[in-house]
Amino acid sequence: MLPFTVELKIGTSVYEQLVYAVHRAIVSNQLSPGDRFPSIRTLSQELRINPNTAQKVVTRLADQGLLAVQPGIGTLVAKLPDPSPRERSDLLARQVEQLVVEARRLSLTRAELVRAVKDHWTRLSESSPPKGREQETSTEDHAE
Amino acid sequence: MKSIIQARELSRRFGRTLAVNGLSLDVPKGSIFALLGPNGAGKTTTIKMLLNMVRPTSGRATVMGTDSTRIGPAEFSRIGYVSENQELPEWMSVRELLDFCRPMYPTWDQDLCRQLVHQFDLPLSKTIKSLSRGMRIKAALLSSLAYRPELVVLDEPFSGLDALVRDEFMRGLLELSDRTEWTVLVSSHDIDEVERLVDRVGVIDRGSLRVLESVSSLEGRFRHFQLTLAPDGELPTELPDSWLLKESVGRSVRFVESDYREGTGVQRVRSVVPAAENVTASPMSLKEIFMALARTYRSEGREQE
């Protein structure tokens, strides 16, 4: 069994889906810093995926600083690295814009979108909010 | 990338039938390669030629650096081979089969063997004769994996197996994946079982290889297009050859683009069909790509007859 939730859908790249699933598991604290991350063999066996794909996923996550590969010990979940200014502006400019466009296309009201964002925020950080981010949550509450 | 299997212009004739016709392929070391094609396309004959079980009428192949016509016991101790109609000594028990195989392979890994027996839930004291089809194929796989072969060749291993056994089979196969030098060649008429497992595919149709490509390149160049024609617009009579399975109903047009380029793909469709509106391009799964190819080849085959 894998220590995080992943549901692979047919038709989109397994690699992308798995990288996303691990990101999700880490921000939602399903995986915590210091936890042991499954080996390539376990990942590929449990998900019945190509070991080369599993290897690519681990390499990518390690490059992003989410996993630390410790020779002789295995792979551990790392502390969430501080985002680069570029990553933050990317999220706010590009992905939030896409979300707003999509919401307007579907004729959602602003309040509906804000509520949906808040609901998802809460759902993902229920167990314990990522450290250093509580401040932002309260600012956001304030803004509404 | 280094190839563990290289075939050049392999052909095999059985009487009047040309079962394999000038087939060339490379299987890179470390890949999981699927040879896909409908029943009777020539998959088994190709595999048998690669493993020196059938002589090619013409052409040649090398496997792990050895000419395929010289492959013998020394090479077979490094190859794991399981086929749909695997012959096993019927009168032996599973334990006897394993005891019989072990001394033949210098690299036999008894721990891996025990682990697979447990994982496959194999009854050691039962005779091969009394095993179900699923159990037999698991016993065959076990006796071919326990010596950690460098090359695993599986000919239609999944046909006639239920979903649970297929799943156990794949899990068992992946038991070997912590080894660095490990290559798999698997043939199948159905992409379903191997979709997530493979990274390269060869598609064989009436004895010839039609596609030899990595899965990521295939997924990149295939898109399913849908568009609507403007009210007074028409579809040009000449459409690109790369557009497969063209269909139109009223003003809706659908086709599969087999030469899609990221960034310019949609523009290209607009320039071919100026009357196109609402052009959408959706990515396709390996299964959908395989089905689109199979349907295209089948209609080509009908035209030739």
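Residues numbered from 1 in each chain as written. Chains lettered and ligands numbered in written order. Predicted model: local features only at pLDDT ≥ 70, side-chain atom pairs only at ≥ 80, totals over all residues. Heavy atoms only, no water.

Undergrad: Residue-level account of the side chain of Gln17(A), with values.
TA: Structurally, Gln17(A) is set in helix 1 (residues 14-27). Gln17(A) gets classed as buried once you look at its relative accessible area, which sits at 14%. (Helix = DSSP H or I, 4+ residues; strand = E, 2+ residues; numbered from the N terminus. Buried < 20%, exposed > 50% of the residue type's maximum accessible area, 1.4 Å probe, protein only.)

Undergrad: Break down the nonpolar core for me, citing the residues and quoting the values.
TA: In this structure, Leu154(B) and Val198(B) are the most contacted members of the largest nonpolar core, which totals 60 residues. Excluding residues within four positions of it along the chain, Val198(B) makes contact with Asn50(A), Ile32(B), Ala34(B), Val186(B), Val215(B) and Leu286(B). Ile5(B), Leu10(B), Val153(B) and Ile204(B) belong to the second largest nonpolar core, which has 26 residues in total. (Core = buried A, V, L, I, M, F, W, Y, C linked by side-chain atoms within 4.5 Å. Contact = heavy atoms within 4.5 Å.)

Undergrad: Quick rundown of the pattern of salt bridges? Include the residues and the values.
TA: For side chains of opposite charge, pairing can occur when their charged atoms come near one another. All names here are of chain B. The final tally for this structure, using the stated rule, is 21 salt bridges over all chains. Salt-bridge contacts for arginine 8 lead to aspartate 26; the nearest nitrogen and oxygen are separated by 3.1 Å. Note that arginine 8 is positioned in strand 1 (residues 3-14) and aspartate 26 in strand 2 (residues 17-28), a separation of 18 residues in sequence. Here glutamate 150 makes a salt bridge to arginine 78, at a shortest N to O gap of 2.9 Å. Residue glutamate 150 is located in the loop between helix 5 (133-145) and strand 7 (151-155), and its partner arginine 78 is located in the loop between helix 2 (73-76) and strand 6 (79-83); the two are separated by 72 residues in the primary sequence. The structure contains a network of salt bridges with shared partners spanning Asp205, Arg206, Arg210 and Glu300. (Salt bridge = Lys/Arg side-chain N within 4 Å of Asp/Glu carboxyl O.)

Undergrad: So, the interface of chain B and chain A: which residues are in play, and what are the values?
TA: Every contact between the two is made by 18 residues of chain B and, on the other side, 14 residues of chain A. Among the residues of chain B in contact with chain A, Arg171(B), Leu174(B) and Arg196(B) are the three that bury the most area, contributing 44% of the side total. Inspection of the region where chain B meets chain A yields three salt bridges. The closest approach of N and O atoms between Arg171(B) and Glu46(A), which form a salt bridge, is 2.8 Å. On inspection of chain B and its partner chain A, the count reaches 10 residue pairs in polar contact (both at pLDDT 80 or more). Broken down by class, the residue content of the side of chain B that touches chain A amounts to six nonpolar, five polar and seven charged. (Buried area = accessible area lost by both parts, 1.4 Å probe. Polar contact = N/O pair within 3.5 Å; in protein donor to acceptor, adjacent residues only side chain to side chain. Nonpolar A, V, L, I, M, F, W, Y, C, P; charged D, E, K, R; others polar.)

Undergrad: Hey, could you go over helix 9 (residues 286-304) of chain B for me, with residue numbers and the actual values?
TA: All names here are of chain B. Over its 19 residues, helix 9 runs 27 Å from end to end, which matches the ideal 27 Å to within 8%, given 1.5 Å per residue. For helix 9, the full list of buried residues reads Leu286, Ile289, Phe290, Ala292, Leu293, Thr296, Tyr297 and Gly301. Buried residues along helix 9 sit in contact with strand 3 (32-36), strand 9 (200-205), strand 10 (208-214), helix 7 (215-221), strand 12 (243-249) and strand 13 (252-257). (Expected span 1.5 Å × (residues − 1).)

Undergrad: I'd love a proper account of the sheet that holds strand 11 (residues 223-229) of chain B, names of residues and values included.
TA: Residues and elements named next belong to chain B. Spatial ordering of the open sheet is given by 12-13-11-14, a layout of four strands whose pairing is antiparallel. Of all the strands in the sheet, just strand 12 and strand 14 (276-283) have a single pairing partner and so form its edges. The sheet shows a mean angle of 15° between the axes of neighbouring strands, direction not considered. Looking at chain direction, strand 11 and strand 14 are connected through six bridges and run antiparallel. Along strand 14, the bridge assignment pairs histidine 224 with serine 282. (Pairing = 2+ DSSP bridges. Axes fitted to C-alpha atoms, helices over the stretch in contact; angles between N-to-C directions.)

Undergrad: Describe the domain arrangement of chain B, listing the residues and the values that go with them.
TA: Domain boundaries in chain B define domain 1 (3-217) and domain 2 (223-283). The C-alpha-based centres of domain 1 of chain B and domain 2 of chain B are spaced at 41 Å. (Domains from an automatic or database assignment.)

Undergrad: For the packing of aromatic side chains, give the residues involved together with the corresponding values.
TA: Taken as a whole and judged by the stated rule, the model has eight aromatic pairs over all chains. On the numbers, 3.9 Å between centres and 10° between planes, the contact of Trp243(B) with Phe255(B) is stacked. Pair noted here: Trp243(B) is in strand 12 and Phe255(B) is in strand 13, with a separation of 12 residues, a long-range link. The two residues Trp243(B) and Phe255(B) agree in class, both being buried. Through successive ring pairs, a cluster of aromatic residues spans Phe225(B), Trp243(B), Phe255(B) and Tyr260(B). Taking NZ or CZ as reference, Lys56(A) lies 5.2 Å from the ring centre of Tyr15(A), over its face. (Phe/Tyr/Trp six-rings, centres within 6.5 Å; stacked < 30°, edge-to-face > 60°. Lys NZ or Arg CZ within 6 Å of the ring centre and 35° of its normal.)

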